[in-house]
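# Examining the three-dimensional arrangement
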Amino acid sequence: MVVPPVVLMASENTEREGDVLGLGPKERVRWAKGLDLPRGPVNGTIFYAGEVYPIMGYAEGAFRMMSRLKLDLNSMAKVAPLFKKLGIYRVVARASWSSLNSRYEKALKDAVYVLKKLDVKFGYLYEDEPPSGIALHTYGLLEDFKRYASEVAAKFRELGVSKIITLDPIAATAFKHYYPVFTEFNVKVEHFVQVVARRMAETGAKASLRRKVRVTYHDPCYLARVMGVVDEVRYVLSRLDGVELIEPERHGVNTGCSGDGGLELTQPELARKVSYERVKELAETGASLTLTSCPACIMMLRVGFDDLSIKMDVLDLASLVAEAFRNRLEFEGPQEVSFKEYKVLPDTLRWDLSNLGERLREYTDLCKKCGFCNAVCPTAQALDRLESRSARGRMTLINALVRGEPLSSEKVLDRLYSCVLCGSCSQTCPVGLHVQEIIVYGRAYAIMTGRV
Ligand code: SF4
Ligand code: SF4
């Protein structure tokens, strides 16, 4: 099996240390220092920081440095374990990128501040917080993910966790959509903005910024398209005086990808190209600030704006809400509001890993080759509609793979790991194929059968 070193590194680090960079639990709880959050669940509820927000600045720093030095991620992944053994990695990361990381740590702190102001009760697990292990799912290591998810589910049961509130839509998606496929999981999961919107409506919370700002909002794929959370964001922003929201052309469930979804690790140059399409669209709104609600989107949008020399700051929605709450917050009493939970994707696929080949053949045989998915596929669009990097091209490749056609492992790797898992294809397919998830199962099949 020749899984790319960068995927192996990310997966091994996730299993050993809980995050793709292998920085470990001590680093991941640093953001909560001084907040005095109750240790353990409160009435079964925890605030879940996850394995991405607390270290995203270090990932951004490494991503930017390697691009500047034109270093290949796979070759870096080969030497990273040595760096780690020598204990250099954490020291270098902290010395070089702490200030970058503070933006992401601040988002977590701001989220906690906002929830407290709205009288939401919760605790925090600190070093006991188990990472979601989403990287294992993303990269198709589904046997590992299945085992890992069972361990995490058992840990939550043991700690008495019955509800998770998280700022991270990637972790929320993992717990809400993927865990129940692979293990028994009865924990309720809500994204921060769902809780905040509901509490603001219940209390009539209204806040004001000290400044006037024209903002645009980038809907993260996982939050809008997968979880169906769209209205809550608009409601929260409508309750902040001083904020004018200008929507980009693609917004809500029809959002565009910022270039993450794991691609930033496997094919960083393509990830950058995808981000360029999106940042240009956001800049066209004329806003001076881009808001979003996903750490990986924040990183890719910041990189994209910088690469194209577009002056635009990118901020987590939680940080702008906290800024307004700190300035002036009043409660006008309950408001009549309802939030729709959008459903634009087919149901999550619940496939048994023991007969993946049959399932994949059955589903990819249904593809009519119409190409509707290609028209919305961000990787194909970033590469002049290149068929081999399109949704239809990946369906064709998986079909050939399960039919046992001769394909080089380089080709399989290149095609399957060039997808950002944005779900636009699944949303568009007239046959109702969940293309995004078929690609994840295709990765798993390729790994399990030694085809990559
Ligand atoms: S194949 Fe689908 S999930 Fe992958 S990048 Fe294209 S549209 Fe997004
Ligand atoms: S939209 Fe669906 S049927 Fe059409 S090419 Fe894409 S996967 Fe196949």
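Worth saying up front: this structure is predicted, and the values here are computed from it rather than measured. (Residues numbered from 1 in each chain as written. Chains lettered and ligands numbered in written order. Predicted model: local features only at pLDDT ≥ 70, side-chain atom pairs only at ≥ 80, totals over all residues. Heavy atoms only, no water.)

Right, let's get into the overall build of the protein chain. Looking only at helices and strands, the protein chain features 22 helices and eight strands. Taken over the C-alpha trace, the protein chain has a radius of gyration of 21 Å; the compact-globule value for 452 residues is 22 Å, and the two agree within 12%. Its C-alpha atoms give the protein chain principal-axis dimensions of about 65 × 45 × 45 Å. Evaluated residue by residue, the protein chain yields a buried proportion of 61% over its 452 residues. Residue pairs in contact within the protein chain that sit at least 24 positions apart in sequence constitute 82% of those at least 6 positions apart. Put simply, the protein chain shows about 18000 Å² of open surface, and 51% of that area lies on carbon and sulfur atoms. For the protein chain, the distance from the average position of its 62 positive side-chain charges to the average position of its 56 negative side-chain charges is 2 Å. (Helix = DSSP H or I, 4+ residues; strand = E, 2+ residues; numbered from the N terminus. Rg over C-alpha atoms; globule rule 2.2 N^0.38 Å. Buried < 20%, exposed > 50% of the residue type's maximum accessible area, 1.4 Å probe, protein only. Contact = heavy atoms within 4.5 Å. Areas by Shrake-Rupley, 256 points an atom, 1.4 Å probe, with all protein chains shown as cover. Lys, Arg positive; Asp, Glu negative; His and termini not counted. Charge placed at Lys NZ, Arg CZ, Asp CG, Glu CD.)

As a structural note, the neighbourhood of ligand 1 is formed by Cys-377, Pro-378, Thr-379, Ala-391, Arg-394, Cys-419, Val-420, Leu-421, Cys-422, Gly-423, Cys-425 and Ile-439. Those elements that place two or more of their residues in the shell around ligand 1 are helix H18 (378-382) and helix H19 (391-402). When its residues are assigned to classes, the shell around ligand 1 shows nine nonpolar, two polar and one charged. (Near = heavy atom within 4 Å. Nonpolar A, V, L, I, M, F, W, Y, C, P; charged D, E, K, R; others polar.)

This paragraph deals with the pairing of strand S7 (residues 313-316). In this structure, strand S6 (residues 289-292) lies alongside S7, joined through four bridges in parallel fashion. For Thr-292, the partnering residue across the bridge sits in S7 and is Asp-316. The β-α-β motif built from S6, the intervening helix H14 (residues 295-307) and the parallel element S7 has right-handed crossover chirality. (Pairing = 2+ DSSP bridges. Right-handed = clockwise from strand over helix to strand, strands pointing away.)

What follows deals with the sheet that holds strand S2 (residues 163-166). Spatially, the three strands line up as an open sheet ordered S1-S2-S3, and their pairing is parallel. Whereas interior strands pair on both sides, the edge strands pair on one side only; in this sheet they are strand S1 (45-48) and strand S3 (188-191). In this sheet, adjacent strand axes meet at a mean angle of 25° when their direction is disregarded. Alignment of S2 against S3, held across four bridges, turns out to be parallel. Considered in S3, the bridge of Thr-166 is made with His-191. Taken strand by strand, helix H8 (residues 169-182) contacts S1, S2 and S3, and its axis lies near 155° from that of S3. (Axes fitted to C-alpha atoms, helices over the stretch in contact; angles between N-to-C directions.)

Turning our eyes to something else, we now look at unusual backbone geometry. Even without being glycine, Asn-43 reaches a positive phi, approximately 50°. Residue placement: Asn-43 occurs in the loop between helix H2 (25-28) and S1. The backbone of Tyr-126 sits at a positive phi, close to 50°, despite the residue not being glycine. Turning to its location among the elements, Tyr-126 is positioned in the loop between helix H5 (88-117) and helix H6 (134-138).

The geometry of two aromatic rings is summed up by the distance between their centres and the angle between their planes. Under the counting rule described, the total for this entry stands at 17 aromatic pairs. Ring centres 5.1 Å apart and planes at 80° place the aromatic pair Tyr-48 and Phe-175 in the edge-to-face group. Of this pair, Tyr-48 sits in strand S1 while Phe-175 sits in helix H8; the two residues are 127 residues apart in sequence, bridging distant segments of the chain. Pair check on accessibility: Tyr-48 and Phe-175 agree, each one buried. For the pair Phe-145 and Tyr-179, a centre-to-centre distance of 5.6 Å together with 85° between the ring planes defines the contact as edge-to-face. A residue pair is termed long-range when its members are at least 10 positions apart, and Phe-145 in helix H7 (residues 142-159) and Tyr-179 in helix H8 qualify at 34 residues. (Phe/Tyr/Trp six-rings, centres within 6.5 Å; stacked < 30°, edge-to-face > 60°.)

With that settled, consider the confidence of the model for the protein chain. Per-residue confidence for the protein chain averages 92 on the pLDDT scale, and 94% of its residues sit at or above 70. Interface confidence for the predicted complex, given as ipTM, is 0.99, next to a pTM of 0.93. (pLDDT = per-residue confidence, 0-100.)

To continue, consider the environment of Arg-199. Locating Arg-199 in the fold gives a position in helix H9 (residues 192-203). Classification of Arg-199 by relative accessible area gives partly exposed; the value is 21%. Note: C-alpha distance between Arg-199 and Ser-67 (132 residues apart in sequence) is 43 Å. Excluding residues that lie within four positions of it along the chain, Arg-199 makes contacts with Leu-118, Asp-119 and Val-120. Of the polar contacts made by the side chain of Arg-199, one reaches the side chain of Glu-202; its length is 2.6 Å. (Polar contact = N/O pair within 3.5 Å; in protein donor to acceptor, adjacent residues only side chain to side chain.)

For the rest of this paragraph, the subject is the nonpolar core. Counting residues in each nonpolar core, the largest one holds 159 residues, and the members touching the most others are Phe-156, Phe-175, Leu-320 and Tyr-441. A total of 10 residues in this core trace back to one element, the largest contributor, which is H5. When sequence neighbours within four positions are dropped, the list of residues in contact with Phe-156 reads Ile-46, Tyr-48, Leu-125, Pro-130, Val-161, Ile-164, Phe-175, Phe-185 and Val-187. (Core = buried A, V, L, I, M, F, W, Y, C linked by side-chain atoms within 4.5 Å.)

Okay, the side chain of Thr-255 next. Checked against the element boundaries, Thr-255 lands in the loop between strand S5 (240-245) and helix H12 (263-266). Judged by relative accessible area, which is 3%, Thr-255 ranks as buried.

Let's shift gears to the packing of H9 against helix H11 (residues 231-238). H11 packs onto H9 with a crossing angle of 50° between their chain directions and a minimal axis gap of 9 Å. Here H9 is positioned oblique relative to H11, judged by the angle of their axes. Pair H9 / H11 crosses with left-handed handedness. Facing H9, whose interface residues are Val-193, Gln-194, Val-196, Ala-197, Met-200 and Ala-201, H11 presents Glu-232, Val-233, Tyr-235 and Val-236. (Parallel < 35°, antiparallel > 145°, perpendicular 65-115°, else oblique. Left-handed = near helix turned anticlockwise from the far one by under 90°.)

Moving on, we get to the environment of Thr-292. In this structure, Thr-292 sits in strand S6. Taking the C-alpha atoms as reference, Thr-292 lies 18 Å from Leu-421; in sequence the two are 129 residues apart. Among the polar contacts listed, one links the side chain of Thr-292 to the backbone oxygen of His-218, at a separation of 2.7 Å.

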